[in-house]
Amino acid sequence: WHREGVAGTIGATAAAAKLLGLDRVRLENAFGIASGEAAGVQANWATASRAFQCGRAAMNGIMAALLAQEGLTGARDAIEAPGGLLDCYTAHSLPLGREDYRGVDEAAFFLRLANPYDIIHPGVALKVYPCASASHTSIEAMLQLVQQYRIGPDQAKAVQVSVIPAMLELLPVSDPQDGWQARFSLNYVVAVALVYGQPLIDHFTDTAVRDRRVREMMARVTVEANETSTPLIYYPSTVTVTLAGGTEVGHRVDFARGQPELPLSDEELDAKFLYCARYILPPDHIEGAIGQFRSLEAVQDITALASILGG
């Protein structure tokens, strides 16, 4: 099952219920409504429906809270009851990379809950590259080698990418045929990083996937599961490039930029927002939005910000 589609629905419900100020009974009813709407399958992983499942989770969470506010009821123990959310989604199937799952330790769960909030520790992760987060350490290892040794596409005879076994499930596409599959292809993103540098949104279109130079480089990229994760290092990656003369150079990355361990600077955040919004918002709106983001805690009414973001 798709974690964001399932757990994301419950999280969105909690957030919406908090904003609406629901009392305990309505909150529990909202969770009951949301538990019946929580859904998503990993089969959609490398398709546009994967993104749709994330958006639908947010929509379902808001809808559940609004319906509960209006009096619609649901099972108030729908999360923990027999046949409820946890029973359905943890007793019979496991998220990718969680073959070690042995059930919910309720005592440990409630001790850990909000102690502290994940948004405080370890902190927020922000994606630098518009592709699967699990691939970012491999991208950065490749970019580091290109910069350090000034490697061009013609100099790379072979590229070996070493990752943890779970990443082969999270990034299962070796020969992407469209832009969505490319987002979940280590072979593709590493090839793009070597040929063009930092992967950008424009590299994940159906046309870009057919780029001859990238295709030629992908044929030289192999991916192997030789790394080991730890409780602190989730997605380590080592990239080794064999140069035309036979020399091998390698680099390992434990944390990608944008992770809590390597937070982005204000300038990097501004640049990412500017790049993503440049085709949607006029320049003065982009500058206005960035200015308000920088002092969001002082904004008393978000009407002006909503107007700016509306174009």
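Going by the structure above, here's the rest.
For clarity, every value in this text was computed on a predicted model and none was experimentally measured. (Residues numbered from 1 in each chain as written. Predicted model: local features only at pLDDT ≥ 70, side-chain atom pairs only at ≥ 80, totals over all residues. Heavy atoms only, no water.)

Colleague: How would you explain the packing of helix α6 (residues 136–149) against helix α9 (residues 186–196) if you had to name every residue and give the values?
Modeller: In the contact formed by α6 and α9, the axes pass within 9 Å of each other and the chain directions differ by 25 degrees. It follows from the interaxial angle that α6 and α9 lie roughly parallel. Read as a crossing pair, α6 and α9 show a hand that is right-handed. Across the interface between the two elements, S138, I139, M142, L143 and V146 of α6 pack against L186, V189, V190, A193 and L194 of α9. Here the residues of the contact of α6 with α9 sort into nine nonpolar, one polar and no charged. (Axes fitted to C-alpha atoms, helices over the stretch in contact; angles between N-to-C directions. Helix = DSSP H or I, 4+ residues; strand = E, 2+ residues; numbered from the N terminus. Parallel < 35°, antiparallel > 145°, perpendicular 65-115°, else oblique. Left-handed = near helix turned anticlockwise from the far one by under 90°. Contact = heavy atoms within 4.5 Å. Nonpolar A, V, L, I, M, F, W, Y, C, P; charged D, E, K, R; others polar.)

Colleague: Summarise the layout of surface pockets; cite the residues concerned and give the values.
Modeller: In this structure, the second largest pocket spans a volume of roughly 220 Å³. In terms of lining, the second largest pocket is formed by 13 residues, of which the most central are V128, Q198, E268, A271 and K272. Residues of the lining of the second largest pocket, tallied by class, amount to nine nonpolar, one polar and three charged. (1 Å grid on protein atoms, 1.4 Å probe; cavity = no way out; pocket = protein on both sides within 12 Å on 5 of 7 lines; lining within 4 Å. Points joined across faces, edges and corners; volume = space filled by probe spheres on them.)

Colleague: How would you sum up helix α1 (residues 3–20)? Please name residues and give values.
Modeller: Relative to the 26 Å expected for 18 residues at 1.5 Å per residue, α1 spans 25 Å between its end C-alpha atoms, a close match to the ideal helical length. Of all the bends in α1, the largest measures some 30 degrees and sits at T9. Residues of α1 that are buried include every one of G5, V6, T9, I10, A12, T13, A16 and A17, and no others. In this fold, the buried residues of α1 make contact with α2 (24–37), α3 (48–69) and α4 (85–90). G21 lies just past α1 and shows a positive phi near 70 degrees. (Expected span 1.5 Å × (residues − 1). Bend = angle between axes of the 7 residues up to and from the residue. Buried < 20%, exposed > 50% of the residue type's maximum accessible area, 1.4 Å probe, protein only.)

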